[in-house]
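# Secondary and tertiary structure notes
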Amino acid sequence: MSALGVGALLIAVVVSPPARAAAAVADPAGLVNTLIGSSNHGETFPGATTPFGMVQFSPENTRGDQTRAAAPGGYRYDATRVRGFALTHMSGTGCAGGYGDIPFLPHAGAVDTSPSSDTTDAKYASDFAHADESGTAGQYQVGLASGIGAELTATARTASARWTYPAGKTASLLVRTSNSEVGSSAAQTTVDVANRTISGSVTSGNFCGYINAIGRRSYYTLHFHAVFDQPFTSTGTWQDGTLRPGTTSASGGTTYGTNGYPVAGRGSGGYVTFAAGQTVTMRVGISFVSQANAQANLAAENPAGTSFDAVRQAARAAWNTELQRVEITGGTTAQQTTFYTALYHSLLHPNVFSDTNGQYTGMDQAVHTVSGGQRAQYANFSGWDAYRSQLQLLTLVRPDVGSDIAQSLLNQANQNNGVWDRWTHAAGGTHVMTGDPAHAAVPSIHAFGGTAFDAQGALASMVRAATTVTSADLSRDGWNVMVVGERPSLDKWLSKHYIPANGNAWGGAGETLEDSVADFGISQLAARLGQNTTRDEFLARAQYWKNVYNPANGGYAQDRNDNGTWPSFDPASSNGFAEGSAAQYTWMVPHNVRGLLDKMGGNAAATTRLDTFFHRTDGTWALTGAGGLKAEMNNEPSIGAPWLYDFAGSPYKTQQTVRQVVNTLWSATPGGIPGQDDLGAMSSWYVWSAMGLYPLAPGRAELLVASPLFPRIVVHRANGVTLTLDAPNAPATYVQGLSVNGVTTTKPWLPESFATNGGTLSFTLGTTPDTTWGSAPADAPPSFDIATPTNLALGRPATGSTPCNGNETADKAVNGSASGGSSDKFCSSATTKYLQVDLGSKLALGSVVVRHAGAGGESTAWNTRDFDVRVSDDGGTWTTAAQVRGNTANVTTQAVSVSGRYVRIDVVTGEQSGNAVTRLYEVEVYQ
């Protein structure tokens, strides 16, 4: 993970409808179960929010430790004790959570000790049972064991609550202003009895700060203004361990402590009481700018006289507007619930961050106002997670919101000294995770039609960040989880073309793969903007992943030393990678799958590896929890791998594997999300997969094809484009035929035009695989590599001085092999030593590459020391194009910039020691 418009996402398939055609789901918001993902490490929150809303009004549960949330997001299904209901949350973030700002606790009893002194949440908290709890799109309610009923709902920038107190008990309400999930550096609370308001602010941040001191800081202040429909019968405040009955103001944060967690017993807040047995309605406006803006947001979105039920109905309607953009027909109730809850989770974040007047606090901590065509500033960008499929899905449905998010990321970079931070929270950069994900995300938004932002400005900024080495890039501060540099060890990337093992990144090999994807994204945005020089430069950089692919270790991506050597290696280990192993990361080359599969030995070899990756030795599925050599479909590094069968000539195995994950790892239960949802990243994978589609690569809008889970899916994009998928035999798994806009195709992928212009897909599905459909090489999805230059000398007639032996003749140096054994070379010890190649005609030449003894596996002491490169039109008159003296390298490349038919290597000194023998393993000539 409003003032937002409506959009639509459409994927159409034209096929005769079933005999008894069902209607599309009419009330998808009613199917959403917000408790899905709240156990089994999904770490979602169940509370009330609106699409992309600034407010997420949700429980803060406790396991008896005031300084620790029950889970990131504040809630875990098996922690059935609540210490408050807070206004802000993030879904599935990991670390220790974040936000959880301004917890309100309705309490049945007197407040007679400081709530901060209740460090085990023994007194000021209440148990509850799941039988008394429910959550759906836009609302949450729970009956507490204390006898209080709590109901929550929200608008984009406001919250509404209805507290129902039992008769015969003191009706108290605590406002734990300082108790954000990971603490606060400042807080202040003011109670206004005459106007029945409580207002104040908390200053916090500290996302993942317990991991590294670099993150142990505040970077946002949240202001709130709460208005009540019932009078206060008493008031009080507290600061740290001191209770102050009768007072109306307090201040003081929890601080972050030496371990990065809030300090037990610290903090401040206020409380009020109401007449016993009352039902009290509370309206709260928030702002990350000012108290005045919090009040203005409340007045604009939830003004006086607005009932709780009216807000709840509007929230549900807002969700139906968004969820109905993806209409599904058919399937079981459980499948529909799982699908729409996943779509709901996909549309929680990023969040509106600007107020109704357009103001927001920027990354420079100054107040800015949205301008131009931007309608809202967004915050909370879980870059490493979201760039793979969540932002593509969001933009497919809402290209207008995607455009605003792209502009928001550019605004953040402009306010952050040009740095595109990889994980932004509110008005701060946290630096968490790896790679440079915004450089993949923004081009993806543009590719899927979110083009209403300053794309030229974004490209220029990204190119600067990717080419200009900063002091932060050279720093290890924050290592490893939150390295401060946007491009850690960028100097190494520019010089060595990979990030070494001892670099500044959280895993050199993983960072190399991530930066390759980021550079591919830049290349694609440049291409769309007509900047072809930049396109070519960054497309070449996007192939640097090849420099950490080691064929000698079994064919895996691997950490590589600064000097080019390879350290010891275990493919099941996470050394060199973040949150994954070498075996899991090696597949993560989405923009050049063809190049990867070819390095693995071609389609058959790669398919066997994929089969082994997804299965145990006994043939059973290994989708998660099977060790580092197997897939982890509960986390991002593995989630693209099932789709690679489409490239390898076995699309039926993509269909089979994706459906197995959809059917077994996801469900309509609290444990129904297999891992941290990462602000909707994992849920977006499910939505795409249930539609039978998946984005090919960041920066592109082609779609890979599996099989739809539902008989009919229609996506209504907000820009009026419609996509329709018809699959009457769904949920049968295997594609036995497909047509696109009425034209039969055997390609397991769709061109960009389908996503951008719309259309109709008609699937014929069956229960047995069609192993031939999509299997032809010409059917494979596109991959993006740089063109391999033509070696003009390859196989051309070659002559030379007398060879050392009869099998070491001149032709061996133009046969395309520099590693075929010590005899696969030209060797001569003649007094005058030379090699001459006839190119067949006069050509413009650009470079000559010579591979010496070391390149062929022989002693580097035998590398040719001194030689001249000469060119001739007729073989008689020669021009010296380059002179090389004192060479020690295994491979030399000389720019020549001449024209000629013949190229000749005249050896002056054969070996480093001065010996007469020369050994040339390969001579290559390029234009």
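Scroll up a little and you will see the structure.
Described below are features of the structure shown in this document. (Residues numbered from 1 in each chain as written. Predicted model: local features only at pLDDT ≥ 70, side-chain atom pairs only at ≥ 80, totals over all residues. Heavy atoms only, no water.)

Moving on, we get to the overall build of the protein. Assigned secondary structure in the protein consists of 18 helices and 43 strands. The C-alpha radius of gyration of the protein comes to 31 Å, within 12% of the 30 Å expected for a compact globule of 927 residues. Every one of the 927 residues in the protein was classed for burial, and the buried ones make up 63%. Surface accessibility of the protein: about 28900 Å² in total, with carbon and sulfur atoms responsible for 49%. For the protein, the distance from the average site of its 57 positive side-chain charges to the average site of its 70 negative ones is 2 Å. (Helix = DSSP H or I, 4+ residues; strand = E, 2+ residues; numbered from the N terminus. Rg over C-alpha atoms; globule rule 2.2 N^0.38 Å. Buried < 20%, exposed > 50% of the residue type's maximum accessible area, 1.4 Å probe, protein only. Areas by Shrake-Rupley, 256 points an atom, 1.4 Å probe, with all protein chains shown as cover. Lys, Arg positive; Asp, Glu negative; His and termini not counted. Charge placed at Lys NZ, Arg CZ, Asp CG, Glu CD.)

In this section: helix α8 (residues 438-447). By the criterion of burial, α8 is predominantly enclosed, with 10 of the 10 residues buried. Turning to α8, its buried residues are A438, H439, A440, A441, V442, P443, S444, I445, H446 and A447. Elements in contact with the buried residues of α8: β23 (381-382), α6 (390-397), α7 (399-415), α9 (455-467), α11 (508-528) and α18 (752-757). One or two residues past the end of α8 sits G449, with phi positive at roughly 100°. (Contact = heavy atoms within 4.5 Å.)

Another point: the sheet that holds strand β34 (residues 749-750). Pairing is antiparallel across the open sheet formed by three strands, whose spatial order is β28-β29-β34. Whereas interior strands pair on both sides, the edge strands pair on one side only; in this sheet they are β28 (693-695) and β34. Relative to strand β29 (residues 703-705), β28 runs antiparallel, the two sharing three bridges. Across the sheet, Y694 pairs through a bridge with L704, a residue of β29. (Pairing = 2+ DSSP bridges.)

A few words now on the side chain of T237. Within the secondary structure layout, T237 lies in strand β13 (residues 234-239). The buried category is assigned to T237, whose relative accessible area is 0%. For T237, the residues in contact, after removing those within four places along its chain, are T242, L243, R244, T247, T248, S249, A250, G269, G270 and Y271.

The pairing of strand β39 (residues 866-872) with strand β40 (residues 878-884) spans six bridges and is classified as antiparallel. Directly across from F867, in β40, lies its bridge partner V884. Following β39, the chain reverses through five residues before pairing antiparallel with β40; G875 in that reversal takes a positive phi of roughly 85°.

Opposite charge on two side chains permits them to pair, given that their charged atoms come into close proximity. For the coordinates displayed, the defined rule picks out 42 salt bridges. Across the pair R398 and E322 runs a salt bridge, and its minimum N-O distance is 2.6 Å. Residue R398 is found in the loop between α6 and α7, and its partner E322 is found in helix α3 (residues 308-323); the two are separated by 76 residues along the sequence. The exposure class of R398 is buried, given its relative accessible area of 0%. (Salt bridge = Lys/Arg side-chain N within 4 Å of Asp/Glu carboxyl O.)

Next up on the list: the nonpolar core. Formed by 199 residues in total, the largest nonpolar core has its most connected members in F104, W163 and W685. Non-local contacts of W163, meaning those with residues more than four positions away in its chain, are made with F57, F85, F104, P106, G149, A150, L152, L173, Q278, T279, V280 and M282. Counting residues in hydrophobic clusters, the runner-up holds 24 residues, among them V848, V869, V896 and V925. (Core = buried A, V, L, I, M, F, W, Y, C linked by side-chain atoms within 4.5 Å.)

Moving on to unusual backbone geometry. With an omega dihedral of 10°, the bond running from W479 to N480 counts as a cis peptide bond. Residue placement: N480 occurs in the loop between α9 and α10 (490-496). Going from A730 to P731, the amide bond is cis rather than trans, its omega being 15°. With respect to the helices and strands, P731 occurs in the loop between β31 (722-726) and β32 (734-740). Despite not being glycine, N206 has its phi angle at roughly 60°, a positive value. The residue N206 is located in the loop between β11 (197-205) and β12 (218-228) in this model. The class for N206 is buried, based on a relative accessible area of 1%. Despite not being glycine, M433 shows a phi value in the positive range, around 80°. Position of M433 relative to the elements: it lies in the loop between β25 (428-429) and α8.

With that settled, consider the state of the cysteines. Using the criterion set out here, one finds two disulfides in the structure. The partner cysteine of C95 in its disulfide is C208, sulfur to sulfur 1.8 Å. On the sign convention where negative means left-handed, the S-S torsion of about 100° between C95 and C208 marks this disulfide as right-handed. Linking C95 in the loop between β3 (81-86) and β4 (104-108) with C208 in the loop between β11 and β12, this pair joins segments that are 113 residues apart in sequence. Here C804 pairs with C827 through a disulfide, and the sulfurs are 2.1 Å apart. On the sign convention where negative means left-handed, the S-S torsion of about -65° between C804 and C827 marks this disulfide as left-handed. Pair noted here: C804 is in the loop between β36 (798-800) and β37 (826-828) and C827 is in strand β37, with a separation of 23 residues, a long-range link. Relative accessible area serves as the criterion here: at 4%, C827 is assigned to the buried category. (Disulfide = S-S within 2.5 Å.)

By the secondary structure assignment, V687 is in helix α17 (residues 681-691). Expressed as a C-alpha distance, the spacing of V687 and L393, which sit 294 residues apart in the sequence, is 8.4 Å. Excluding anything up to four places from it in sequence, V687 contacts F339, A342, L343, S346 and L393.

What follows is about the sheet that holds strand β33 (residues 743-745). If you trace the six strands from one edge of the open sheet to the other, you get β18-β30-β31-β35-β32-β33, paired in mixed fashion. Strands at the two margins of the open sheet, each flanked by one partner only, are β18 (326-329) and β33. Averaged over neighbouring strand pairs, the angle between their axes works out to 20° when direction is ignored. Bridge count for β32 against strand β35 (residues 759-766) is six bridges, and the pairing is antiparallel. (Axes fitted to C-alpha atoms, helices over the stretch in contact; angles between N-to-C directions.)

Right, let's talk about the side chain of S354 for a bit. Structurally, the position occupied by S354 is in the loop between β19 (351-352) and β20 (359-361). From its side chain, S354 meets the backbone nitrogen of Q377 in a polar contact 3.0 Å long. Setting aside chain neighbours within four positions, we find S354 in contact with M54, R157, Q359, Y360, V370, A376 and Q377. (Polar contact = N/O pair within 3.5 Å; in protein donor to acceptor, adjacent residues only side chain to side chain.)

It is worth spelling out the packing of aromatic side chains at this point. Per the stated rule, a full pass over the model turns up 27 aromatic pairs. With a centroid separation of 5.3 Å and 50° between ring planes, the pair formed by F520 and F784 is classed as tilted. Placement of the pair is F520 in helix α11 and F784 in the loop between β35 and β36, with a sequence separation of 264 residues. Judged by relative accessible area, which is 0%, F520 ranks as buried. Overall, the relative accessible area of 17% leaves F784 in the buried class. (Phe/Tyr/Trp six-rings, centres within 6.5 Å; stacked < 30°, edge-to-face > 60°.)

Turning our eyes to something else, we now look at the packing of α11 against helix α12 (residues 532-541). Where α11 contacts α12, the axes come no closer than 8 Å and their chain directions differ by 160°. Classified by the angle between their axes, α11 and α12 sit roughly antiparallel to one another. Handedness of the α11/α12 crossing: left-handed. Residues S516, D519, F520, I522, S523, A526 and A527 of α11 lie in contact with α12, whose contacting residues are T534, R535, F538, L539 and R541. Grouping the amino acids of the contact of α11 with α12 by side-chain chemistry returns six nonpolar, three polar and three charged. (Parallel < 35°, antiparallel > 145°, perpendicular 65-115°, else oblique. Left-handed = near helix turned anticlockwise from the far one by under 90°. Nonpolar A, V, L, I, M, F, W, Y, C, P; charged D, E, K, R; others polar.)

What follows is about the pairing of strand β14 (residues 242-245). The pairing of β13 with β14 spans four bridges and is classified as antiparallel. In the strand pairing of β14, Q239 is matched with T242. Linkage of β13 to β14, two consecutive antiparallel strands, is achieved through a turn of two residues, within which D240 is found at a positive phi near 50°.

Our next topic: the environment of G100. Structurally, the position occupied by G100 is in the loop between β3 and β4. Between the alpha carbons of G100 and G84 there is a distance of 9.4 Å; along the sequence they are 16 residues apart. With residues near it in sequence (within four places) discarded, G100 still touches E60, A86, T88, H89, N179, S180 and E181.

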